[in-house]
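# Coordinates in review
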Amino acid sequence: MTIDRLLEGLRQRDPRAIGRAISLVENGDESAEIILSSLDENLVSQATILGITGPPGAGKSTLTNEIIAKLRHQEERIGIIAIDPSSPISGGAILGDRIRMMQHATDKDVVMRSMATRGRLGGLCATAGAAVRIMASCGCSTIIIETVGVGQSEMDIIRLADITILVMAPGLGDEIQAMKAGLLEVADILVVNKADCKGADILAMDLEAVTRKGSATPTQVCMTVATEGKGVTELLDRIDKLDSEHRDSGERQKRRRGAHNQEVLDWCLEILRPQLLDKIIKRKLSVLGDPRLKAKKILEEK
Amino acid sequence: MTEKIKKNRVLVGKPGLDGHDRGAKFIAQALRDAGFEVVYTGIRRSPEEIAAAAVQEDVDAVGLSSLSGAHMRLFPAVVEALAKAGAPDIPVLGGGVIPEEDIIELKAAGIVEIFTPGTPIDTIISAYRDACEKKSTG
Ligand SMILES: Nc1nc2c(ncn2[C@@H]2O[C@H](COP(=O)(O)OP(=O)(O)OP(=O)(O)O)[C@@H](O)[C@H]2O)c(=O)[nH]1
Ligand SMILES: [Mg+2]
């Protein structure tokens, strides 16, 4: 596909062009810059970006599937970016989130993309951010990013979101883990999914207690049964309400600016890294002495 | 990002109504272990669903598994669905308990490789690699 045909395809919102554009950006192709500067920034700034995170198996994909179904009733065009970890050993990945969302596979207004972390932190954020913009520019008014909430990379992804939803479930034993990872603090909305299972009420109470400690306004917990679509309407109402609050108060704009600055910083570092490494190697530094001091010296010189 | 990082991406799915996904899962894992990014769509997919997913995921190849004996209908149906979805260039590979005479017919219908329970896994992986690489350069 030539770049002109690709750009025309994006204007036509052709699924093939959207898929290809995301790949080119993900693969660091030279054409990425042309693609990303051709986007409709107006649509990008209007779209709502939801981050859905939580421990493996909590029901994030199943819940996303239900959210898509509800939003499609309102005739919205939706984008989904589902991120799964790459194997650190082979570099490969199994991207399986689609299994739970196949009912929307042939819906032209559901644009979905699976993405592997490929072992890059800042890079993943930049790639996912670019995919969000491509989808928004192609008319997706809501874009959902699903990621497994365990490590730092997920926290970075969450930065891309206007609203972050943390999905937990009883019986996974990950509550403490989530608190450690600081996910509870970044989450705007807490969901206890699998409310049909034993231990859901207790988990919800525990979570409410933890959030009450930290702030004057405890985060209220939403209960859902994703497999039956229960509680999803209420969750969407919460999301809507919070989204309009954030739009009115300027919180949304503040977050977008912070995320944008961070993305620019990621790119600066990405571009600088090879240049700096080159400089360092050329200097044939001795292995003795303070690395920090040497770093400062290298950065000071023109 | 700044350096080029092209990964082979494949979709592994199972068209048709029978509920066995052992073959598909086995291939998905073997490909993952060989460094592929594998979009796994699970069982009981229609050819149209598989084609739509392959287009959105911009995969380099599609791998199908069938144990139901319906491969003669379903595999070519996926090739057709891909062409209809504007992606006739995405190669389709398939595996299952498939008799020799069917293999010839399936290849004539545009399936680039067919694997049977006797095919060594290394052969399967290099066939996928060839298919992906041919597509990216072609
Ligand atoms: N009982 C019950 N099971 C559920 C519910 N929601 C999801 N599940 C099941 O939980 C399992 C995991 O669901 P997924 O949606 O794949 O979970 P996930 O969080 O996306 O998982 P990863 O992407 O692998 O981290 C599946 O077998 C679902 O059917 C629920 O509300 N109740
Ligand atoms: Mg999932």
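Residues numbered from 1 in each chain as written. Chains lettered and ligands numbered in written order. Predicted model: local features only at pLDDT ≥ 70, side-chain atom pairs only at ≥ 80, totals over all residues. Heavy atoms only, no water.

## Quick look at the packing of helix H1 (residues 3-11) of chain A against helix H2 (residues 15-26) of chain A
Residue and element names in this part refer to chain A. Formally: Geometry is summarised by axes, namely lines fitted to C-alpha atoms with helices restricted to the contacting stretch, and by angles between N-to-C directions that run from 0 to 180 degrees. Put simply, DSSP marks the helices as runs of H or I at least four residues long and the strands as runs of E at least two long, and each gets a number from the N terminus on. Angle categories are assigned with fixed cut-offs, so that under 35 degrees is roughly parallel, over 145 is roughly antiparallel, 65 to 115 is roughly perpendicular, and the rest are oblique. Crossing handedness: left-handed means the near helix sits turned counterclockwise from the far one by under a right angle, and right-handed means the same turn made clockwise. In what follows, residue pairs with any heavy atoms lying within 4.5 Å of each other are defined as contacts. Each residue gets one label: Ala, Val, Leu, Ile, Met, Phe, Trp, Tyr, Cys and Pro are nonpolar, Asp, Glu, Lys and Arg are charged, and the others, such as Gly, are polar.
In contact at an axis separation of 8 Å, H1 and H2 are set at 125 degrees when each is read in the N-to-C sense. As the angle between them shows, H1 and H2 are arranged oblique. The element H1 and its partner H2 pack so that their crossing is left-handed. Only Ala-17, Ile-18, Arg-20, Ala-21 and Leu-24 of H2 make contact with H1, whose side of the interface consists of Leu-6, Gly-9 and Leu-10. Residue composition of the contact of H1 with H2, grouped by class: 6 nonpolar, 1 polar and 1 charged.

## Description of the pairing of strand S1 (residues 48-54) of chain A
Residues and elements named next belong to chain A. Definition in use: Only protein chains enter the accessibility calculation, which uses a 1.4 Å probe; a residue whose area is less than 20% of its type maximum is buried, one above 50% is exposed, and one in between is partly exposed. Here, a strand pair is defined by DSSP locating no fewer than two bridges between the strands.
With 7 of 7 residues buried, S1 is to be regarded as a mostly interior element. Alternating positions in S1 separate into two faces, Thr-48, Leu-50, Ile-52 and Gly-54 on one and Ile-49, Gly-51 and Thr-53 on the other, with burial throughout. As judged from the 7 bridges shared by S1 and strand S5 (residues 142-148), these two strands associate in the parallel manner. In the strand pairing of S5, Thr-48 is matched with Thr-142. Summarising the sheet, S1 and strand S6 (residues 163-168) pair through 4 bridges and their orientation is parallel. Bridge pairing in S6 places Thr-53 opposite Leu-166.

## Regarding the coordination of the magnesium ion (ligand 2)
Around a metal, the perfect tetrahedron of four donors has angles of 109.5 degrees, and the perfect octahedron of six donors has angles of 90 or 180 degrees. Residue and element names in this part refer to chain A. Spelled out, the test is: For Na, K and Ca the donor cut-off is 3.2 Å, and for all other metals it is 2.8 Å, counting N, O and S atoms only; because water is absent from this set, sites may look incomplete.
Surrounding the magnesium ion (ligand 2) are the protein donor atoms Ser-61 (OG), Asp-97 (OD) and Glu-146 (OE), at 2.1 to 2.2 Å. Donor residues for the magnesium ion (ligand 2), ordered by position in the chain, follow S-x35-D-x48-E. Taken together, the residues Asp-97 in the loop between strand S3 (93-95) and strand S4 (110-116) and Glu-146 in strand S5 connect sequence positions 49 residues apart. Taking the relative accessible area as the measure of exposure, Asp-97 reaches 9% and is therefore buried.

## Quick look at the packing of helix H11 (residues 232-249) of chain A against helix H12 (residues 251-283) of chain A
Residue and element names in this part refer to chain A. Interhelical geometry of H11 versus H12 gives an angle of 80 degrees and a closest axis separation of 4 Å. Comparing their axes, H12 and H11 come out roughly perpendicular. Contacts between H11 and H12 involve Asp-243, His-246, Arg-247 and Ser-249 from the former and Glu-251, Arg-252 and Arg-255 from the latter. Here the residues of the contact of H11 with H12 sort into no nonpolar, 2 polar and 5 charged.

## A look at the confidence of the model for chain A
Condition: The quantity known as pLDDT measures the predictor's confidence residue by residue, on a range of 0 to 100.
For chain A, per-residue confidence averages 90 on the pLDDT scale, and 92% of positions sit at 70 or higher. Within chain A, the element-level pLDDT minimum falls on helix H8 (residues 175-180) of chain A, averaging 64, and the maximum on helix H5 (residues 60-73) of chain A, averaging 97.

## A closer look at the pattern of salt bridges
Residue and element names in this part refer to chain A. What counts, and what does not: For this analysis, a salt bridge means a side-chain nitrogen from Lys or Arg found within 4 Å of a carboxyl oxygen belonging to Asp or Glu.
For the structure shown, the criterion picks out 27 salt bridges over all chains. Here Asp-243 and Arg-247 are joined by a salt bridge, their closest N and O atoms 3.1 Å apart. Taken as a pair, Asp-243 and Arg-247 lie in helix H11 at a separation of 4 residues, close to a single helical turn. A relative accessible area of 8% means that Asp-243 is categorised as buried. Accessibility expressed as a relative area gives 36% for Arg-247, which makes it partly exposed. One salt bridge connects Glu-301 with Arg-283, and the closest N-O pair in it is separated by 2.2 Å. With Glu-301 in the segment after helix H13 (291-300) and Arg-283 in helix H12, this pair connects stretches of sequence that are 18 residues apart. By relative accessible area, Arg-283 is classed as partly exposed at 36%.

## A word on unusual backbone geometry
Residue and element names in this part refer to chain A. The phi dihedral of Glu-75 falls on the positive side, at around 60 degrees, and the residue is not glycine. Mapped onto the secondary structure, Glu-75 falls in the loop between H5 and strand S2 (78-84). The residue Lys-284 is not glycine, and still its phi comes out positive at about 45 degrees. In this structure, Lys-284 sits in the loop between H12 and H13.

## With respect to the interface of chain A and chain B
Heads up, the rule is: Buried area is understood as the total, over both parts, of accessible area removed when two parts are fitted together, assessed with a 1.4 Å probe. Polar contact is the term for a pair of N or O atoms within 3.5 Å; when the atoms are in protein, one must be able to donate a hydrogen and the other to accept it, and sequence-neighboring residues count only if both atoms are side-chain atoms.
Taken together, the 36 residues of chain A in the interface contact 34 residues of chain B. Of the roughly 3,100 Å² buried between chain A and chain B, counting both surfaces, carbon and sulfur atoms make up 53%. For the pair chain A and chain B, the number of links is 4 salt bridges. In this structure, the connection of chain A to chain B is made through 19 residue pairs in polar contact (both at pLDDT 80 or more). Sorting the residues of the side of chain A that touches chain B by element identifies H2, S3, S4, helix H6 (122-137) and H12 of chain A as the ones contributing at least two each. Of the residues in the side of chain A that touches chain B, the class split is 14 nonpolar, 12 polar and 10 charged. Pairing of S3 of chain A with strand S2 (residues 37-45) of chain B, which is carried by 3 bridges, proceeds in the parallel orientation. Residue Leu-95 of chain A lies in a different strand from S2 of chain B, and its bridge partner there is Val-39 of chain B.

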